Each structure stands twice: as structure tokens, then as C-alpha cells.
Amino acid sequence: MTDLEAQIRRVQAGDLGAFDFIIRTFEGPLRAWTIAHCPPGGDADDVAQRTFIEVFRSISKYSPGTDFRAWLFTVARFQMRAEVTRLMRVADYHQRYAPRAFVEELSRRAETTENEDHGRLELLKLCMQKLSEPNRQMLAERYEDGLPLEEIARRAKRSLGAIKKHLFVLRSKLLTCVQTHGTGEVA
Amino acid sequence: MNPERLDELCAMLLEGELNEAHSLELQTILESSPELLKRTADLYEIHRSLGQIHQPHDAAQFAQTTLARMHTDREAFIGTLKYRLREAAPRPLKRRFSLFKIAALAAAMVAFALLIYSLLVFLDVSPPHGVETVASIPTQPATRVATLVRFAHARWEPDVTMTAGQRLETGPLRLSTGEAILLFDSGAIVAVQAPARLRLESRGMIRVDQGRLTVRAAGDAAGFTVRTLSGDAQDLGTEFTVSVQVSGSTEVHVLQGDVAWLATAGATPTRVLHAGEAARFDSVDKVQGHPIVCAAQSIDDFVRQLSASLPPAVPTVYEGFDYPPGDMSIETASGGFGWKYPWRLRKGDELTRETDTSSTFSIAPTSLTFPFQQASTGGALNLPPGRSYRVRELADPIDLGRDAIYYISFRVRRVGAPPTGSKERPYFRLTLRNSTDFWTHSVGVGYPESLHPTVLLSGRDTFAAPIIVEPDNTTFWVLKIVARRNHQDEAYLKVFNAGEAISAFEPTPWSVVTDRFPAEGILNLVVVTGSGPVPHVFDELRIGRTWDSVVSKK
């Protein structure tokens, strides 16, 4: 019996503490998946937590020896659907956040994509290492510090439009690099 | 289609800058090409993953909070059952029962609850999240008693979208994750930490079934009451924390001043706790409570930490009149951000018999300063004696037909008093209008000769404040518009005279609160008007979605 199976059996026996092991084992890949597939305005971490809560509630349904990871991601897909439904209930969601076609494409991917997002995250980190220092700095200002684009433009002594375009080009290059498994040029 | 335009729209999508027109344009493009749709979704995934890589994440804390939610999920069910059993029982409990019998009864209740819960888990029935534990308490019809002024990482139950600045009615409020700050109309500030199950009872009372909250109730808010299963904590002009477990066990920690503990509502206090003291009250029978170590976070610390986790509060529209001093051609005045076009004069149907007596764009050499705000650079807009109408179109209009809250702030100064015997009356106005239907819908504020600031609605209703604006001083104005898709709108105005400190949160009370009014217009024009025998100076116009984004506090 694997460590995972042993912990699952403890949870099935009512040991809430044993579920900590399960959360820590799957938190990385699950969050990578929810973050990548959650539509704009959604709460990816909440989807991940609700997935774990639902798995705990339904743990008696799990048959030992079967693919727990696949089952967990099936539950995650249900939770993501619920999140998308919640967002759709928000008045004027599509006007404020995203066109319908785009949200539907994200939902389609969430239904069909295998859970390889964690691997892609590592690939993206690798591609980021290929960026020049000023470009990495700009990404950090945008994504780590959460600076408004106006402030990034002011610091870089460039126009707002130029910063928007530059960030878009950086994302496009990183996408090409990830799609070519880290071989794409991004400098 | 133009690939650069797609890139532009895609960048807007990723930056959260799409408006309705952009969204429709992008929708059309994406529907026409599966390849472009795929690329857009790919870029979105990269964008989200970049966020994940850059944002700090504590895996241990994630596991801890998930387990805490699961624990709460289970406890909530048990707590609900216990509460209902308690409500059904006569209160207070008569002494004819022996302690042994009481203990046996309590043990039986808990055992019964656990048995039921185990059965439900076995049958895979979800705990009843939506059960209203205080439904049996008779209440007045819902009235608005507080404002949600700030929140972070907040998740509400049931799932609803809440907005900073949103007015809150009497009734239940449940925060499943995150933190929030409520400002009661009595002036009491309440900081809430999840998981919390609350009920807003009135302007001066909140009921806590579960959760931790800190209250500051200074001045007129004194007497604010936190009602719990174990008793009432009543403020005596102070700051204190109340923590309530699902079992009903309540801790009170006093940071400043005194707090009275009332085992029964309306009764004489059974205990008064002083600053630095804390006690735990396990039931209505334990009227003195057990002393515990005082450990609570002040409101100021709470606000500081919560604010640090929020993105910087920036306006969506700004005009600081950072132009060279002197007269300039109005069509070259295109500074600031959030605007579609430069400033202009009225045109076409916008014109009335009252023509502009000045068409130049006159910039004062220095900015208007207000003591409690950050210093600004550049100049200010002069509105000379006579009649001056200055118009500018917003890039992103104020939409009165959707659920949204808008804040508009500016500084204005009336220079001097009208000469004795003058027939002209001084009047300053800032009005929001529509460019294609200029006269139908409008929301504005006015600074008339009477000096009483006013809110003006579509030329029909005027709401005047009891306060007066100090002439010849720079004053700071904030207009809040609460727009609703399916309900009537409201507007609030606060005018800060020189020397009046700008509050950390929205003011209580506002200078003017309008009645609810029906409005559905799209307001995409800002019209600034100065008329009369004396000049006005106007500066630092901001429009944003939160109080913080428009007040620019030091």
C-alpha cells in the first residue's frame, strides 16, 4: 500500500488530520490547473479549496487502488463549472470581464485538458530565465508588486501604450517558448 | 482583421481594461477564428501562470486554511443544531435541574448532533450552509445601516459579488474567507475576520454567531453592542475584540476604554472590563466569565495589514491640470488619464442662450492644495467671472444602468465675495451628462450663492446640505454614486472645508444623501461650470471605484 493509499484510508476512517497529507501532495498541481483555467474575475484558490472540501466530504466514495489524482481532478472540474456558473450569474459579467466565446473556450479546456499544468509552470519558469534582466524586472513590477501600468510606465520613462505593448510582446514570446518546450527564443 | 487591433484588445482583456464596446468587438473577432480564440486563451493561461509564479504562496498555510474550512464546515452544522436546541429550550434555565442533569442533557445534545452529522457524512449529504440560525428573531423591515468600506480575499455566502462602498441592510452577513471592514451609520468601525456568521441588527448593534471582530466605537457611536449567544458586549466608548466560537463560547478583549458585559439583553451589566483585560464567557449562566490573557489586534493594525494586501488604490480618471500657466487653446488640453478627448467647449445641442463669456483655457500657476491630501503638481483651472463651461468626454463612462459604485472628487475655491449690489450670483457646478442626449440624464453637484452644497439630479431634484462651504478657502468635494441595475440609484456628497481632516473611510454622516432616484443613463461627459461675478478655481479631478482611489490622503 502506498503512503497515499494509507493516508486515504485514515481519512476514510474519520481522521481529518490525515487529509493534510493529501492537500500537501496535490496542492501544487491542482492550483496550477485552477489558476490557468479559472476565468477572469473568478477565485482560483477558492475553487482549489472547495475541491479538497468536496473530496473530503465524498471520500467514502473513493475505491482504494484506483486513480485518486484523476478522481480529484474530476471533482475539480465540477467545482470549476460551479465557479463559471457563479460568474455567469453576475450581472453584466461579459461586458465587464470577458467575451462569452473566450469564457466558453476556457471552460472547454478545463473539461478536456489533462492535468499537465504543473509541468508547464516549470517550463514557463525556465523560459523566464531566458529573459533579459530589465524584462524580468518589468514582469516582477506587474505581477509581483502589482504596480499600475501607469506607474510602471513612469518608472521606465516610457508611454503607457509602449508599456502595454511591451508586456504583451513578452507574454507572446513566453508562450512561444513554452509551446516549443523551452527552445523558443525570448530575449 | 488588423492583427495589431487583436493584440490591443487581447492586452486589454489581460489587464482587465475591457469595456462593453471592447468586449463586443473582441467577441466578434474570436467567434470568427478558432485560431485566434486558441491563441487568446493560450496567452491568458500564460498571464495567469505568470501571476502564480510571481505571487508568494505558502503551501502550508493553504493546507491549514483548507483544513480550517473543512473543520468549520463540520462545526457549523453541529453549532446550528446546538443553537436550535438552545433556542427551543426555556431561558434562563431553571435551577430545579441538578448540575448533573444539565451536564447529561448537554452531553446528549452533542452526542445527538455528532450522530446526525456522522450519518449525513456516511450518506454523503452536505451540511446545511444556508440554514439561517437567527431566522426566528423578529426583525424590522430591512434598512440600510452600514457600509462595506474595504475587504480583502473575501468570499461571501451565499456567493454574491460585493463592492467596496456597498450599503448593507439589516440581516445576515456571512464571510467564509478573508477580512472585511464595515462602517456602521452610527460611526462604529467593525473589522471582521472569516469565518464569520453575522447579523446586522441596527446602526448600533451586530449579532455574532461565529467569528472574530474588532470594534471601534468612538464619540457618537458609544453604546455599540455586539450580541452573542452568551451575552451582549456593550461599548462604553472604546475599542475591543469579540471572538465567538460555534459553540457560543465568547471571548472579549478590551484594547481601550471599557466594555460592559450584559448576560441578558437590556439588563444591568454583570461585569465591566477595562483596557488590557479579557474574559471568556461560555454561557449565559457564567456571568462573570473566566479571565484570560488580553490578545487582540487594534483596528489600525488590522486596516494597515488589510490595506497592504490590496492593490494600490488609483483612480480610473484623473486631471491635475498639469499644463503651463496662462491661457492656452482648449483643444490642446489633453492631460491626465481616463479621457477620450481633450477638453472642449459646449457645442450643438449642448448650447443654451447662456453663452460662454470666455473660451480660453486658463491655467493658474499653482495647484490648489488641501491640508490633508498629498501635494499635487502643475496648476489649476481658472473659471473667470462671467460664464465658463468646460467639457471633457470620459473614456469609460459612468453607467447608471448597472450595479456599480463611482466616486468623483475635486477641489474648488471661490475667490472673494460678490461685490455689494451685484445682480449676478456666483455658482459653480460639476455635472455628469451624456454626449448624445445631453439634457435627459445628469448627476451633478453645485456650490451656489447660499454656500450650501447641493446634489442635482437631472435638473429635477436638488438636495441641499445643512452645512455651508467656506468661501475663499480651498474645499474638497467627494460625490458617491451608487448605481443599480434593477433598483433605484442613490447619491452621496461630502464637502470637506479647510481644516477638516479627511477620514480613513467614507464619512458618517455625509453632507448630503439623496432619496433613491430612477436613472439609467450613460454619463460620459464631465461638465465644469463657473458663473457669476467672482472667479472659481478648480483642480484635482478624480473618478474611481473606491473611496481610497479618489481621496489621495497623506
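Because the structure is predicted, anything quoted here is derived from the model rather than measured.

1. Focus on the overall build of chain B
For step 1, the next point in the chain: When helices and strands are tallied, chain B shows seven helices and 28 strands.
For step 2, the next point in the chain: Excluding contacts between residues fewer than 6 apart, the proportion of contacts in chain B whose partners are at least 24 apart in sequence is 61%.

2. Notes on the interface of chain A and chain B
For step 1, the next point in the chain: Listed per partner, the contact involves 52 residues of chain A and 51 residues of chain B.
For step 2, the next point in the chain: For the side of chain A that touches chain B, the secondary structure elements donating two or more residues are helix H2 (19-37), helix H3 (44-57), helix H5 (93-96), helix H6 (100-112), helix H7 (117-129), helix H8 (133-144), helix H9 (149-156) and helix H10 (160-179) of chain A.
For step 3, the next point in the chain: When residues in the side of chain A that touches chain B are grouped by element, the largest group, eight residues, is from H2 of chain A.
For step 4, the next point in the chain: Taken together, the residues that form the side of chain A that touches chain B break down as 28 nonpolar, seven polar and 17 charged.

3. Regarding unusual backbone geometry
All names here are of chain B.
For step 1, the next point in the chain: Backbone torsion omega between Ala194 and Pro195 reads -5°, so that peptide bond is classified as cis.
For step 2, the next point in the chain: If you trace the backbone, Pro195 turns up in strand E4 (residues 189-202).
For step 3, the next point in the chain: Positive phi values are uncommon outside glycine, yet Asp472 reaches one of about 65°.
For step 4, the next point in the chain: Mapping Asp472 onto the fold places it in the loop between strand E23 (461-464) and strand E24 (475-483).
For step 5, the next point in the chain: Within the chain, Glu540 stands out as a residue other than glycine whose phi angle is a positive 50°.
For step 6, the next point in the chain: Along the chain, Glu540 turns up in strand E28 (residues 536-544).

4. Here's the deal with the confidence of the model for chain B
Residue and element names in this part refer to chain B.
For step 1, the next point in the chain: For chain B, the average pLDDT comes to 83, and 86% of its residues sit at 70 or higher.
For step 2, the next point in the chain: Overall, residues 90-99 carries pLDDT values under 50, and its contacts beyond four positions in sequence, including any with other chains, amount to three contacts.
For step 3, the next point in the chain: Ignoring residues within four places in sequence, the model shows residues 119-140, a span with pLDDT below 50, making 26 contacts including any to other chains.
For step 4, the next point in the chain: With pTM at 0.58, the complex prediction returns an ipTM value of 0.88.

Reading the values: rules and limits
- Residues numbered from 1 in each chain as written.
- Chains lettered and ligands numbered in written order.
- Predicted model: local features only at pLDDT ≥ 70, side-chain atom pairs only at ≥ 80, totals over all residues.
- Helix = DSSP H or I, 4+ residues; strand = E, 2+ residues; numbered from the N terminus.
- Contact = placed C-beta atoms within 7 Å.
- Nonpolar A, V, L, I, M, F, W, Y, C, P; charged D, E, K, R; others polar.
- pLDDT = per-residue confidence, 0-100.

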